[in-house]
Structure formats: C-alpha cells, structure tokens
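# Chain and residue survey
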Amino acid sequence: MTRERWLDLVRGTTFDDFLLAPQYSVVERRDPASIDLSCRFSEHVTLARPLVSANMDTVTRAAMAIAVAEQGGIGVIDRGFRAGEIAPQVREVDIVKRRQHGVISDPYTIAPGASLARARDQMRATGVGTLVVVDGQRRLAGLLTNRDLRFADDTADTVASRMTPRDRLVVHRGLPTPAVAAGTMRTHKIKKLPLVDAGDVLTGLVTARDLLAQQARPFATRDDRGRLRVAAAIGATGDFLERAAELIAAGADVIVIDIAHGHSVVMGRAIDAFRHRFGDVELVAGNVATAEGTRFLLDRGVNGIKVGIGPGGGCTTRLNTSFGVPQVQALVECRLAADGRVPLIADGGVKRDGALALALLFGGDTVMLGSALAGTTETPGDVVQKAVVVPGSTRTVQVPFKVFRGMASLQAIVDRLDVEDAEVADVEALGAEGMEVSVPARGSVTPVIREMLKHLCSAISYGGADSLASLQREFRAAPERYVIRLTSPARDESFDR
Ligand code: XMP
C-alpha cells in the first residue's frame, strides 16, 4: 500500500475502527514463556514486555513501578507532587532502585560501638533486616541481623556484643558474578555475602533474597547492576532541571519530559536546557500526535517519543478544546515520521486488552496504560466504601472503590497547588482538561498484567508470527493483509457485549 493510501485509510480512526484478519498460525504455544515480546522503551532501554505504567498520581508510584518492572515493563513515576516538593518523587525512585539488587553497592552500615536501640531504629526506618558493621575506615567488622536483636538488652548491649564478627564471616574479595555468589552461598549455607577490597574495606553486599528474585524473574527489567529500572516524569518549566538532577542522582533510568502539548516552544527550550545540563542522559519527551510534532522532538535529539493527544481515559482535552488526533491516525503518522529512529510510546486510549495489539502494530513500540491499571492495589490512594444499588432491587451493597483521575483534572491540580496560599480566583481560572472517576478496587495488578500479556501472545499467534517484533515487521510491510475497517454494525458485533 502506498504511504498516501495508508494515511488515508487511518485518517480519523482509532482502535475500535479495526479488526485484524487472522493469518496461518506458526506457534505451538501462545504464552509469554514461549513468545518473545521484547521491545524498546527508548533508544537504549529495552524491555522484555511492552507495557508502561502511566505517570499519573493515581497510577504510578513505587509499588506500581516495582510490579510493572518485575513483569518486564517499566513504570514512570509521576511528578504530581506539590510544586517545589522534589524529595517525595525522588523517594519513590529510591524505593524502586533499592528493591532488588544484583549487588547492593551502598548497604546500610552501623558502627560497632553503636547501641542496639540505634540499630533497631535504623532497621525500622530503612526496612532492612541486616546492617553491615564497619569501623571508622569502613573496614568490615561484622554483620548484625534482626535475629541478633531478639531478647537483647537494648540499653546495656552494643552492636559489637551481638553481631557476627568479621572472623566468622564468609566474604568475597572483588565483584562476584551472580553464579559465583550463589555458589558461595550454597557451599557455606549463608544468606548474606559481604564484598570487600584487598584492604578489607566494604564494597558491597549480595543477598540470597535478591539472587532468588532475579532467578525467579529472568524477564524483569533491570539495569546493569541488577536493580529494577524506573523512569520519572518532569515538567518543562519551573524547577524541572533541579528535579531532573535529583531524580538522575537517585538512579532514575530515563527522564520523561511530559507536557500536554509537546510540540511547543516550551518543550523546545526544555529539551535544549536538559541536554545542555545532562548531556546524553536517556530522555523521552511528549506528548505529540502529528508527523510535525514527531520531527520536532527528533530534531532536538530525544531518545523516545510519547504519542497521544486526548485519547486518555481520564482526559477531557478533546471535549474542552476540540483539538487532538484519533489514536490510530496519530500512531501511524508519528511512526512514518520517526522511521524507526527512536521508539514510540503509544500513550492512552487502551480500554480492552485487544487494543494493545493494535497500538503495537499501528505505531507503538510500547504501550502506556493509565485507566487499564486503575483500581489495583499498587495504585496510590485509599480504598473508599460506597453504597451501590443492586440491579433489579432496592438493596444496596458496600463496594470498595479507588479514585482515578486525569493529571489535568481540577482535583489533581488543586492537590498540587498550595491551596491555602492560592487565590480562589486562581484555582477557578484553571483550564482543567481531565476528570476524576471512582473505579472498583480489584486486587493486585500482577494478574491484570499477566492476563494482558497472554492476550497479546494470542494476538501474535492469530497474526501468524512467533514474536512481537516479527508481527510488527510483517504488519508494517503489508498492512493490507491485516487491517479490516469496520462498519458500525461490525463494530457492534465485535465489541458490544
Ligand atoms: P489511559 O487511556 O490509559 O490514558 O487512561 C493514560 C494517559 O492519559 C493522559 N492523561 C491526560 N490527558 N488530560 C489529558 O488530556 C488529563 O488530565 C490527563 N491525565 C492523563 C496521559 O497521557 C496518560 O498517560
């Protein structure tokens, strides 16, 4: 199909305008263990699974970012904290980066002379059960675990009196591979392996828990030190560079400059300032929904582009402004413009699992999800009980709900403002482009993600391919073999249930 015909076919269309024609299937099994779903989130960050949790304050903080990275995707920590408050966002990044390690290069330490009360406080504050005991020169003196504190006298005893001392510890000099560390732990039946240099100075710690977690999830998204990967969003004005500096220092793997209209003078300035200060730190920018917008970001040297203006579940931009591009049209236009130079993130509008495959074929390298993950345990926010009328009766039952809201909703904006200092007129004058809804609370996000991945694998099988990349290649080479533009009755037949 010519470029012009292809653009013509998708103009004004979105996911529910299409079905895909089944092809001869070549796979025996269709599950994520046997079908390769690997993809690129940004130029230098690959994922085993193409899912990204949205940077929204009712979707992604540390718990969600950890769950998604453990399943092979990546989470983007939102910046929806009050203006001027950088530390809370940095803390979320820090929690993700400390969650799983290959090697903990900066384990929590304590001095031999410290009191047990101090050790107990430190374990409580940091949530770790083992402190490495080091002297003033950071030489290894022992290990103190929470078991050593049981029945101990906090006031009379010191760390030195309860720790396992250096001469009874098994240590490793230098940096072990995971296999070597696991072998040493197996031989000596230990759970913690301190790493030291030739002068016995502490250089790191390997734990059995981390090694087991890595073996259990070979597809999890990890950096080269074995830590889970995480991205973090910043704005394009105000404290955005300072925020970026602190997020990068905390270990954020990718920074996402996320503003509603990314094809803008504000974005241009922000990318230039970012590159000037941080060099080639991995940078994604968005959102755009046109070829021109894509070229604008490419020309400024971003490593990934977020595509979507107005398809989001919590979004009212199109209602309020009449601007936006139907998401399939946006994905096709942006992909043709990007021409494989950087990956695209299809952001917004995925309401059913089947739309994932469409988003990944029409243009996305990955898909960003907001409302599809809403209401799960890992989303921030409290569960509230609401009375719901049972259909067909006057009886009500209490149902647990969580809030999901657009980041430009009035409620989200007011929460970010220091409302006590803001003029009432300022708050009222805000042009809100999002809304707030209650969604049923529905347990952990992990089975939700697994179900999506299974459906995606089935789609790849129906598409006659054996991996996501091969289906994308074949679809993009000859889309006419696959796409069926639906009539209104065909749409009802397909999706009206
Ligand atoms: P879904 O459909 O997965 O989309 O919920 C998530 C994406 O929606 C965008 N978003 C907004 N767009 N006003 C908007 O115009 C808003 O208030 C808003 N909040 C989120 C965002 O791109 C997100 O990733």
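So, here is what we can say about the structure in this document. (Residues numbered from 1 in each chain as written. Predicted model: local features only at pLDDT ≥ 70, side-chain atom pairs only at ≥ 80, totals over all residues. Heavy atoms only, no water.)

In this section: the overall build of the protein. Secondary structure summary: the protein contains 18 helices and 22 strands in total. Principal-axis analysis of the C-alpha atoms places the extent of the protein at approximately 80 × 60 × 60 Å. Split into buried and exposed, the 497 residues of the protein put 52% on the buried side. Across the protein, the fraction of contacts at a sequence separation of at least 24, relative to all contacts at a separation of at least 6, is 64%. (Helix = DSSP H or I, 4+ residues; strand = E, 2+ residues; numbered from the N terminus. Buried < 20%, exposed > 50% of the residue type's maximum accessible area, 1.4 Å probe, protein only. Contact = heavy atoms within 4.5 Å.)

The next subject is the sheet that holds strand β10 (residues 172–173). Spatial strand order, β10-β11-β12: three strands in an open sheet with mixed pairing. One side of each edge strand has no neighbouring strand; the edge strands of this open sheet are β10 and β12 (202–207). Where β10 meets strand β11 (residues 192–196), two bridges bridge the pair, whose relative direction is parallel. Bridging across to β11, R173 finds its partner in V196. Most of the contacts of helix α6 (residues 178–188) go to β11, to which it runs at about 125 degrees, and overall it touches β10, β11 and β12. (Pairing = 2+ DSSP bridges. Axes fitted to C-alpha atoms, helices over the stretch in contact; angles between N-to-C directions.)

A word on the packing of helix α2 (residues 62–70) against helix α3 (residues 87–99). Relative to each other, α2 and α3 sit at 35 degrees, their axes nearing to 9 Å. When the axes of α2 and α3 are compared, the crossing they make is right-handed. On α3, the residues touching A62, A65, I66 and E70 of α2 are E92, I95, V96 and R99. Class assignment of the residues belonging to the contact of α2 with α3 gives a composition of five nonpolar, no polar and three charged. (Left-handed = near helix turned anticlockwise from the far one by under 90°. Nonpolar A, V, L, I, M, F, W, Y, C, P; charged D, E, K, R; others polar.)

Computed from the structure, the second largest pocket encloses a volume of approximately 1000 Å³. Lining the second largest pocket are 33 residues, with V128, G129, T130, K192 and T207 positioned closest to its centre. At the level of elements, α3, β8 (140–145), β11, β12 and α7 (208–216) are the ones that each hand at least two residues to the lining of the second largest pocket. Broken down by class, the residue content of the lining of the second largest pocket amounts to 13 nonpolar, nine polar and eleven charged. Looking at which domains feed residues into the lining of the second largest pocket, each of domain 1 (3–100 + 230–378 + 445–495) and domain 2 (109–216) gives three or more. (1 Å grid on protein atoms, 1.4 Å probe; cavity = no way out; pocket = protein on both sides within 12 Å on 5 of 7 lines; lining within 4 Å. Points joined across faces, edges and corners; volume = space filled by probe spheres on them. Domains from an automatic or database assignment.)

By nearness alone, 22 residues border the ligand, and C315, T317, D347, A408 and E433 come closest of all. Interatomic distance of 2.8 Å between a backbone N/O atom of G349 and an oxygen atom of the ligand. S371 places a polar main-chain atom, nitrogen or oxygen, 2.8 Å from an oxygen atom of the ligand. Across the complex, the protein chains shield 90% of the 520 Å² of accessible surface that the ligand would expose by itself. The residue makeup of the shell around the ligand, split by class, is eight nonpolar, twelve polar and two charged. (Near = heavy atom within 4 Å. Polar contact = N/O pair within 3.5 Å; in protein donor to acceptor, adjacent residues only side chain to side chain. Areas by Shrake-Rupley, 256 points an atom, 1.4 Å probe, with all protein chains shown as cover.)

Here β12 lies mainly inside the structure; five of its six residues are buried. Here five bridges tie β11 to β12, and the two strands are oriented antiparallel to one another. The residue bridging K192 from the neighbouring strand is T207, located in β12.

With that settled, consider unusual backbone geometry. With an omega dihedral of 5 degrees, the bond running from G286 to N287 counts as a cis peptide bond. For K189, which is not glycine, the phi torsion reads 50 degrees and is therefore positive. Along the chain, the position of K189 falls in the loop between α6 and β11. Even without being a glycine, D339 presents a positive backbone phi close to 55 degrees.

Now for the side chain of K402. Mapped onto the elements, K402 comes out in strand β20 (residues 396–405). A distance of 3.1 Å separates a polar atom in the side chain of K402 from the backbone oxygen of T376. Apart from the residues lying within four places of it in its own chain, the contact partners of K402 are G375, T376, T377, T379, P380, G381, D382, V383, V437, S438, V439 and A441.

Attention now moves to the packing of aromatic side chains. Evaluated as defined, the whole model comprises six aromatic pairs. Consider the rings of W6 and F475, whose centres lie 6.2 Å apart with planes at 65 degrees: the pair is edge-to-face. Taken together, the positions of W6 in helix α1 (residues 3–10) and F475 in helix α17 (residues 468–477) put the pair 469 residues apart, joining distant regions of the chain. F475 shares its class with W6; the two are buried. Look at F18 and F362: their rings are 5.0 Å apart centre to centre, the planes differ by 50 degrees, and that puts the pair in the tilted class. (Phe/Tyr/Trp six-rings, centres within 6.5 Å; stacked < 30°, edge-to-face > 60°.)

A few words now on the sheet that holds strand β19 (residues 384–389). Strand order across the open sheet formed by three strands is β19-β20-β21, with antiparallel pairing between neighbours. Two strands bound the open sheet, and with one partner strand each, they are β19 and β21 (436–440). Each strand of the sheet is rotated relative to its neighbour by a mean of 50 degrees, with strand direction disregarded. With six bridges joining them, β19 and β20 adopt antiparallel strand pairing. If you follow V389 over to β20, its bridge partner there is T396.

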